Amino acid sequence: MKIMTLLLNHLPMSSACLALDTAWIPAFDPAGVARNLIILGIAYLLSLPIGWDREKATRSAGIRTFPLVAVSSCAFVLMAVGMEGELRGEVFSRAYSGVITGLGFLGGGVILKKSKKVHGMSTAAAIWLTGALGVACALERYENAVALALVCFFSLRFGKVVRAENDDFGDE
């Protein structure tokens, strides 16, 4: 903010040019940036094993998709949480519902039906859960985020053993 004010004060201005008001420009907060990068990094790291498992299983979404889902969900909620003033609750509510809707749309894109079998249900559910993991990180509910990551990873990893015995379900 100080830099912007100094730059604007040293610009040549004619009498017809009005001085710009820089009060609306928020101050740059390096500590806030570092805090947000750490939170986004936690969301990224917790979702990485889920993406790795889907990538290893050669699913349509994998090592790139799942961390991006977690980080973007986290980012939208971080921005809403950072709002100030009387609109904060409304902005948070809209951001949160937008994340949920977007995750449903993204998950729906990986579901495929071939004859009587449906493929991609587990990947779609994992996308939704990974978004919830990102939201939990944004709200600094790391215990929830870790629990979600573990449940998702172990369900995808070891659910295959149970599924192999009952392969006529057609799910996956």
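Attention here is on the structure that accompanies the text. What you see is a predicted model; the values in this text were computed from it and never measured. (Residues numbered from 1 in each chain as written. Predicted model: local features only at pLDDT ≥ 70, side-chain atom pairs only at ≥ 80, totals over all residues. Heavy atoms only, no water.)

## Considerations on the nonpolar core
Here is step 1 of the chain: Counting 29 residues, the largest nonpolar core has Ile50, Cys74, Ile127, Leu133 and Cys137 as its most contacted members.
Here is step 2 of the chain: Listing elements by their share of this core, those giving two or more residues are helix H2 (30-56), helix H3 (65-81), helix H4 (88-108), helix H5 (121-138) and helix H6 (142-165).
Here is step 3 of the chain: Here this core gets nine residues from one element, more than from any other, and that element is H5.
Here is step 4 of the chain: If we ignore the near neighbours within four places in the chain, the residues touching Ile50 are Phe66, Ala126, Thr130, Leu133, Ala149, Cys152, Phe153 and Leu156. (Core = buried A, V, L, I, M, F, W, Y, C linked by side-chain atoms within 4.5 Å. Buried < 20%, exposed > 50% of the residue type's maximum accessible area, 1.4 Å probe, protein only. Helix = DSSP H or I, 4+ residues; strand = E, 2+ residues; numbered from the N terminus. Contact = heavy atoms within 4.5 Å.)

## A word on the pattern of salt bridges
Here is step 1 of the chain: If you walk through the whole model with that rule in mind, you get five salt bridges.
Here is step 2 of the chain: For the salt bridge of Arg141 with Glu143, the shortest nitrogen-to-oxygen distance reads 2.8 Å.
Here is step 3 of the chain: For Arg141, a relative accessible area of 41% gives the class partly exposed.
Here is step 4 of the chain: Exposure remark for Glu143: the relative accessible area of 45% places this residue in the partly exposed category.
Here is step 5 of the chain: Within the structure, one salt-bridge network assembled from shared partners comprises Asp53, Arg54 and Arg157. (Salt bridge = Lys/Arg side-chain N within 4 Å of Asp/Glu carboxyl O.)

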